[in-house]
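Survey of secondary and tertiary structure
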Amino acid sequence: MNGTNVQLQAPKHKPKSFNWRKGFIHLFPIPALAVFTLFIVYPILAAFSYSLFDWQGLRKGAFLGIGNFVTLFTKEPFNTYFWNSLAHNAYYFVLEMIFQNGIAFVLAYIIFSKVKGAELFKMAYFLPRLLSVIVVGFLWKLMLNPNFGAVNVFLKQIGLEQWARPWLGEPVTALTAIILANCWFGIGFAVLILLAGLHSISQEVLEAARLDGVKGFRLIRSIILPMMMQSVVIITVFTFVQAFEAFELVYAMQGSQGEPVHSTDTLAVFFYRTAFGSSSGDGTAIGLGSALAVTLFFIIASLSAVFMALMKKKDIE
Amino acid sequence: MKHVSLVLAAILAASLAGCSSSNTPAATTAPKDNKGEASTQPQQKVKLTMGSWRTEDKDAYEKIIKEYQKKNPNVEIEFKPTKNTEYNTVLNTALQTGSGPDIIQLRPYAAGIALADAGYLEPLDSVKGLSVMSKDTLAAATGKDGKIYGVPTVFSSTQIFYNKKLFKKFNIEEPKTWDDLIKAADTLKQNKVTPFAFGSKEGWILSLTHGALGPGFYGANDFVSKITSGQTNFKDKAFVDSIQMMQGLTKYFPDNYVGISMDDMRNLFVTEQAGMMVMGDWELAVMKKMNPALEMDVFPVPAPAGGKATVTTWVDGSFSVNKASKNKAEAMKFIEFMTTKDFGQLVANELMKPSTIPGVEAADPIVTKISKFANSISTPYMFVVHFSSGNPTTKVTLETALQGMYLNKQTPQDVVEEVQKSADTWFKPAGK
């Protein structure tokens, strides 16, 4: 006992065989690591291995190699579904960047400029986020109802009757309507992140810029945005991942087929119905579904990495 | 990674061992303090479990089980439903590890038959009561080997619901021919009532409506037996006609029907804004709850030019016995009970659904009427019974194509081409 004590109190630079205390510390992450491995690493690797096999229902069949991937990219209707969904995911991302994050920045900037009741606004914008996505989907389905929904009723009241339409029933408007509902849902979170970024800019810099006569848009473009790049990167990556994983709202509002005629289909919805089939229990294709999941994983992981790298480079400049 | 999988395997093995030990039958721990009577009448109860996806039917089945126990006090049956969307996964996993409920509610047709073909189920050849059911009905649970593996209990049936008050107000009789039906729709439209509560936003409504209205045009059972034996295909003029008929009905649909979903359809009908609705029997209970004052009734779908009226049915699920069950004899006895008129009666009253047993009178006159049609003038829901395979299924292909047709993106001819293309990827006619 005494011996170890002496060793522990020994000065740092003194060479020793093994520092038990330091070694012991490395054991502490094990529980967390185990959970991480079991629930994150293992499923990813499992999905990867599943994608290489043929499946009959839940039974693993023959080894196919990249067969499922070949099917996914070359066989009708899967290849059409894939590119169609991918395009929708990209559209989802662009629209969210413009509407959700664009408006969120304006709101965050207004709050940052010390309006009265800033705290109240912050809370109000965040409120939708507290609802379950399924509830949000249900609410917007009601609002967008073609015959008695609030949106069409409002348009009729203000004399824009010709604008009223079955928003969720027409392929041209359905996806946009869902994305805008999602913007409404996600805007509070974006405001919080961007506001944190604004607060991280030191007051002296802003003061100095103002004294130099930098004002308005110039101030935002040349001083504020570059200095809050961290937050912009975070919200961009978040939005990107969210847009490419978009599932709940589409499923809640348009079902597992991305109706009408696949106009609201996304990769995750396509994955869901491919892997698990419809509720009547038919048409499950675990192998093909896993191949799609693996592809989705690589799309998200690689593009997120590219984003981070690009933004970091800009940040340093 | 090898270590992780080893650890996982160990955990799995441990949990499986746990499962199987809890599944050992109560019989092994027979009580020893039974006095003299013990030898003739064993006191221990046999415990059976019943797996199902119908969480909403729990109360009804518990009532039915209670009735059964009155005559069979030695068994205890627990109805243990799993969430609809998770049932298949849970059941498949359990069966693969040699466990699972003693009595299994089987999904109808292909999905359930797959379990029989995989050897998880006990054949029910010894169940005498099955003889009252038609071959079409039993097909829902007949394996590839020709043996029957499940007792179909209730039908789902589609017909036309109508508002009695509105029909009376505008002097409309229950239509007997297709022309009558169109005339009725015209009359309703002239009086500013939506003839059909219908919407094309949800695909399943489209195949369901086609399944109900189509048979009169494609020739009901004759066409079904021809297409399943390979004598014809979907490009048959009769089938194209049935799709064209669907397109021709648009003027009788509500405004903005492309954006209308099931909830909106139901609302239109129960708030008396629409006169008719092509719908399944299961909506009866829901609509009654929403508007108890609604005076509604049903009629079978009339056929054009001399054809016979039909309702479209499919088996909603059947009950089977787990091959790995430790109490097969008792489970079989319950299965036998499910083929009796007593059971049919209970089902009709508790679930408010048409029983597969002919001649059952339900307390609700509409249920009785639907049961009567389902057991006499029915035609199978072709896309559920015969064309629900493929990935995506041929049924889903029809739905998406019809949706495209209602959005003016596709012609009836395109719809037919797509459906046939989907069927070609997997369907092999019975005779070939």
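Everything numeric here is computed off the predicted structure, so don't read it as measured data.

1. Quick word on the overall build of chain B
Along chain B, the regular secondary structure elements total 19 helices and nine strands. When each of the 432 residues of chain B is scored for burial, the buried share is 47%. Restricting to contacts in chain B with at least 6 residues of sequence separation, those with at least 24 account for 74%.

2. Points about the interface of chain B and chain A
Opposite the 33 residues of chain B that make contact, chain A presents 27 residues. When residues of the side of chain B that touches chain A are traced back to their parent elements, those giving at least two are helix 3 (84-96), helix 4 (110-117) and helix 18 (394-406) of chain B. In terms of residues, the side of chain B that touches chain A owes the most to one element, helix 3 of chain B, which gives six residues. The residue inventory of the side of chain B that touches chain A, partitioned by class, reads ten nonpolar, 17 polar and six charged.

3. Quick word on the environment of B:Pro300
Residue and element names in this part refer to chain B. Of note, Pro300 is situated in the loop between strand 7 (296-299) and strand 8 (311-321). Note on Pro300: 27 C-beta atoms within 10 Å, which makes it buried. Note: C-alpha distance between Pro300 and Lys369 (69 residues apart in sequence) is 9.8 Å. Beyond its immediate sequence surroundings of up to four residues, Pro300 is in contact with Gln159, Ala309, Thr310, Val311, Phe373 and Ile377.

4. A look at the domain arrangement of chain B
By convention, interface size is frequently given as the accessible area that disappears when the constituent parts associate. Residue and element names in this part refer to chain B. Partitioning chain B into domains gives domain 1 (45-155 + 315-376) and domain 2 (157-313 + 382-424). Centre-to-centre separation of domain 1 and domain 2, based on C-alpha positions: 29 Å. Residue-level contacts link eleven residues of domain 1 with 15 residues of domain 2. Tallying contributions element by element places helix 16 (residues 365-376) first for the side of domain 1 that touches domain 2, with five residues.

5. Quick look at the nonpolar core
All names here are of chain B. Counting residues in hydrophobic clusters, the biggest one holds 117 residues, and the most contacted among them are Phe161, Phe196 and Met277. Here this core gets six residues from one element, more than from any other, and that element is strand 4 (residues 151-163). Two domains each provide a minimum of three residues to this core, namely domain 1 (45-155 + 315-376) and domain 2 (157-313 + 382-424).

6. Some words on the pairing of strand 2 (residues 75-81) of chain B
A regular strand places its side chains so that they alternate between the two faces of the sheet. All names here are of chain B. Relative to strand 2, strand 1 (residues 46-52) runs parallel, the two sharing seven bridges. Residue Val46 lies in a different strand from strand 2, and its bridge partner there is Val75. Read from strand 1 through helix 2 (residues 58-71) to strand 2, the crossover connection turns out right-handed.

7. A short note on the domain arrangement of chain A
Residues and elements named next belong to chain A. When the domains of chain A are assigned, the result is domain 1 (12-69) and domain 2 (76-316). Look at where the C-alpha atoms of domain 1 and domain 2 centre, and you get two points 32 Å apart. With 13 residues of domain 1 at the interface, the matching set in domain 2 holds ten residues. When residues in the side of domain 1 that touches domain 2 are grouped by element, the largest group, four residues, is from helix 3 (residues 30-50). Among the residues making up the side of domain 1 that touches domain 2, the classes are represented as nine nonpolar, three polar and one charged.

Quick notes on the rules
- Residues numbered from 1 in each chain as written.
- Chains lettered and ligands numbered in written order.
- Predicted model: local features only at pLDDT ≥ 70, side-chain atom pairs only at ≥ 80, totals over all residues.
- Helix = DSSP H or I, 4+ residues; strand = E, 2+ residues; numbered from the N terminus.
- Buried ≥ 20, exposed ≤ 12 C-beta atoms within 10 Å, placed from the backbone.
- Contact = placed C-beta atoms within 7 Å.
- Nonpolar A, V, L, I, M, F, W, Y, C, P; charged D, E, K, R; others polar.
- Domains from an automatic or database assignment.
- Core = buried A, V, L, I, M, F, W, Y, C linked by C-beta atoms within 7 Å.
- Pairing = 2+ DSSP bridges.
- Right-handed = clockwise from strand over helix to strand, strands pointing away.

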